[in-house]
Amino acid sequence: DPQQLELASSGKRKLRRFVVIDEVVDELYGSKVREYFEENNVQHKILALPTTEETKSMDLVLNILKEVQNFSIDRRTEPIIAIGGGVCLDIVGLAASLYRRRTPYIRVPTTLLSYVDASVGAKNGVNFLQCKNKLGGYTPPVASFLDRSFIQSIPRRHISNGLGEILKMALMKHKGLFDLLKRHGKYLLDTKFQSYSGSSDNRDAALQTTRIAIETMLEELAPNLWEDDLDRLVDFGHLISPELEMRVLPSLMHGEAVNIDMAFMTYVAYARGLITAKEREEIIQCMRGLELPVWHGGCSWSLIKKALMERLKHSGGQTRMPLPTGLGVAEIFNDTSEETLARAYKLWVRD
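In this text the structure is predicted, and so the values were computed from the model without any measurement. (Residues numbered from 1 in each chain as written. Predicted model: local features only at pLDDT ≥ 70, side-chain atom pairs only at ≥ 80, totals over all residues. Heavy atoms only, no water.)

*Asks:* What exactly am I supposed to notice about the overall build of the protein chain here?
*Replies:* In terms of helices and strands, the protein chain carries 13 helices and nine strands. Its C-alpha atoms give the protein chain a radius of gyration of 21 Å, within 12% of the compact-globule value 20 Å for 351 residues. By its C-alpha atoms, the protein chain is 70 × 50 × 35 Å across when sized along the principal axes. Counting all 351 residues of the protein chain, 53% fall into the buried class. (Helix = DSSP H or I, 4+ residues; strand = E, 2+ residues; numbered from the N terminus. Rg over C-alpha atoms; globule rule 2.2 N^0.38 Å. Buried < 20%, exposed > 50% of the residue type's maximum accessible area, 1.4 Å probe, protein only.)

Structure, rendered in structure tokens:
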């Protein structure tokens, strides 16, 4: 808005920003964020919070809103900034959507998972009554600022965790992305998704994989931003994982739970004759190469049945099960029998 820009640059009014930052990110980068605002003469409040699946609740949203109220922002010209992983972005998104009915906010993802997943789309939310993201809404940010340099400070397991969501998009929509992950997976883990000049063998695999993952995610989400159509390929890996993730907290990270779900569904696709034994093995080996878990003791047959019953409740009475029909291609199925699921489960546990 030219008028807002003129107002901001004329110096007639001091710029103000309210920032919510994950407390771990604050330890690493908080001083730089503060320096930036001070150098640019921006009045600011930085709220550092523990943003984990265990703290992802309405209580934390209300704590943020009390601080926002005390700071007193102008909801038209002063967006709230969220700096952190997916949980932080989800919580702040919900808080912003509630404050004065809708306050603009900006997402700055600092983990690989949030970079390729939570930064894209309109959803936000918190956990409620031991259910993942049971409360939330659809309020897109005004911007997402993507900077891979944040990723260099996260542990290797977190890189692997993010690769789970990238692999989801590869299996559903992009054989080229799958091939990139197979070929460069270890390199991406070792280099923590940083770009290095002179790494001609890898041809900036980090930039390619993140760009393709985000573009394929956008292709899926943009025409169906409010989820009016419940047939969604991006739900692959998200049928059983919400139940599993909440049941075993904090032992599994989100991308790991998603991958366990995807591994089981790969066996379901094989049991249905949608993929060959060779393709199944190729997928499982790729998962192992990305250092992702392909099985978990907590993923019992009874948990799978309960999770699929929940799915039926919230998906208009149909399972809407995305399954690979090859490498990088997929379809949605509503007719997978319990017998097929049980056969797939036996094979999965055996292997």
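*Asks:* Is there a simple way to think about helix H6 (residues 156–173) in this case?
*Replies:* Along an α-helix, a turn takes 3.6 residues, which lines up residues three or four apart on a common side. Taking 1.5 Å of rise per residue, the 18 residues of H6 would be expected to cover 26 Å, and the 26 Å separating its terminal C-alpha atoms lies within 8% of that figure. Judged by how many residues are buried, H6 sits mostly within the fold: 14 of 18 residues are covered. (Expected span 1.5 Å × (residues − 1).)

*Asks:* Would you explain unusual backbone geometry in this entry?
*Replies:* Among all residues save glycine, negative phi is the norm, and among peptide bonds the norm is trans. Residue Pro250 is reached from Leu249 by a cis peptide bond, and omega for that bond is 0 degrees. Here Pro250 lies in the loop between helix H9 (241–247) and helix H10 (254–271). In this structure, Lys192 takes a positive phi of about 50 degrees despite not being glycine. Along the chain, Lys192 falls in the loop between helix H7 (175–191) and helix H8 (205–221). Under the relative-accessibility criterion, Lys192 is labelled partly exposed at 22%. Within the chain, Arg320 stands out as a residue other than glycine whose phi angle is a positive 45 degrees. With respect to the helices, strands and loops of the structure, Arg320 is situated in the loop between helix H12 (301–314) and strand S8 (321–324).

*Asks:* What am I meant to see in the pairing of strand S5 (residues 123–128) here?
*Replies:* The side chains of a regular strand alternate, residue by residue, between the two faces of the sheet. Sheet analysis places S5 next to strand S6 (residues 131–138), joined by five bridges and oriented antiparallel. Bridge pairing in S6 links Asn124 to Gly137. Between S5 and S6, which pair antiparallel one after the other, the connecting turn spans two residues, and Leu129 there sits at a positive phi close to 50 degrees. (Pairing = 2+ DSSP bridges.)

*Asks:* What's the story with the UniProt feature "domain: 3-dehydroquinate synthase N-terminal" (unreviewed entry) in the protein chain in this structure? I'm lost.
*Replies:* Following the UniProt record, the feature "domain: 3-dehydroquinate synthase N-terminal" (unreviewed entry) maps to residues 48–160 here. As annotated, residues 48–160 has a helix share of 35% and a strand share of 25%, and its two end C-alpha atoms lie 26 Å apart. (UniProt positions renumbered as here; feature names shortened; annotations may be inferred.)

*Asks:* Would you mind going over the packing of H6 against H10 with me for this structure?
*Replies:* A pair of packed helices is captured by two measures, namely the crossing angle of their axes and the spacing between those axes. At a minimum axis distance of 7 Å, the contact between H6 and H10 shows a crossing angle of 45 degrees. Considering their axes alone, H6 and H10 lie oblique with respect to each other. With respect to the hand of their crossing, H6 and H10 are arranged in left-handed fashion. Between H6 and H10, the contacting residues are Arg157, Asn161, Gly164, Glu165, Leu167 and Lys168 on the first element and His254, Gly255, Glu256, Val258, Asn259 and Met262 on the second. Looking at the contact of H6 with H10 residue by residue, the class counts come to three nonpolar, five polar and four charged. (Axes fitted to C-alpha atoms, helices over the stretch in contact; angles between N-to-C directions. Parallel < 35°, antiparallel > 145°, perpendicular 65-115°, else oblique. Left-handed = near helix turned anticlockwise from the far one by under 90°. Contact = heavy atoms within 4.5 Å. Nonpolar A, V, L, I, M, F, W, Y, C, P; charged D, E, K, R; others polar.)

*Asks:* Any chance you could explain helix H11 (residues 277–289) here in plain terms?
*Replies:* An ideal rise of 1.5 Å per residue puts 18 Å on 13 residues; H11 measures up with 18 Å between its terminal C-alpha atoms. If you check which residues of H11 are buried, you get Arg280, Glu282, Ile283, Ile284, Cys286 and Met287. Where the residues of H11 are buried, they touch H6, H7 and H10.

*Asks:* Teacher, can you tell me more about the packing of H6 against H7 here?
*Replies:* Across the interface, H6 lies against H7 with an axial gap of 9 Å and an inter-helix angle of 170 degrees. When the axis of H6 is compared with that of H7, the two are roughly antiparallel. Across the interface between the two elements, Arg156, Ile159, Ser160, Leu163, Ile166, Leu167, Met169, Ala170, Leu171 and Lys173 of H6 pack against Lys175, Leu177, Phe178, Leu181, Leu188, Leu189 and Asp190 of H7. Considering only residue class, the contact of H6 with H7 consists of 12 nonpolar, one polar and four charged.

*Asks:* Just to check I follow, could you spell out the sheet that holds strand S4 (residues 105–109) for this structure?
*Replies:* In a beta sheet, neighbouring strands are held together by backbone hydrogen bonds and run either parallel or antiparallel to one another. Here five strands make up an open sheet; going across it, the order is S2-S1-S3-S4-S7 and the pairing parallel. Among the strands making up the open sheet, the edge pair consists of strand S2 (43–49) and strand S7 (143–144). Here S4 pairs with S7 via two bridges, running parallel. Bridging from a neighbouring strand, Arg107 pairs with Ser144 of S7.

*Asks:* What's the story with the packing of aromatic side chains in this structure? I'm lost.
*Replies:* Enumeration over the complete set of coordinates arrives at eight aromatic pairs. Ring geometry for Tyr138 versus Trp226: centroids 6.3 Å apart, planes at 75 degrees, classification edge-to-face. Taken together, the residues Tyr138 in strand S6 and Trp226 in the loop between H8 and H9 connect sequence positions 88 residues apart. The exposure class of Tyr138 is partly exposed, given its relative accessible area of 34%. The rings of Phe264, Trp301, Tyr345 and Trp348 are connected pair by pair, giving a single aromatic cluster. The aromatic ring of Phe71 is capped on one face by Arg16, whose charged end is 4.1 Å from the ring centroid. (Phe/Tyr/Trp six-rings, centres within 6.5 Å; stacked < 30°, edge-to-face > 60°. Lys NZ or Arg CZ within 6 Å of the ring centre and 35° of its normal.)

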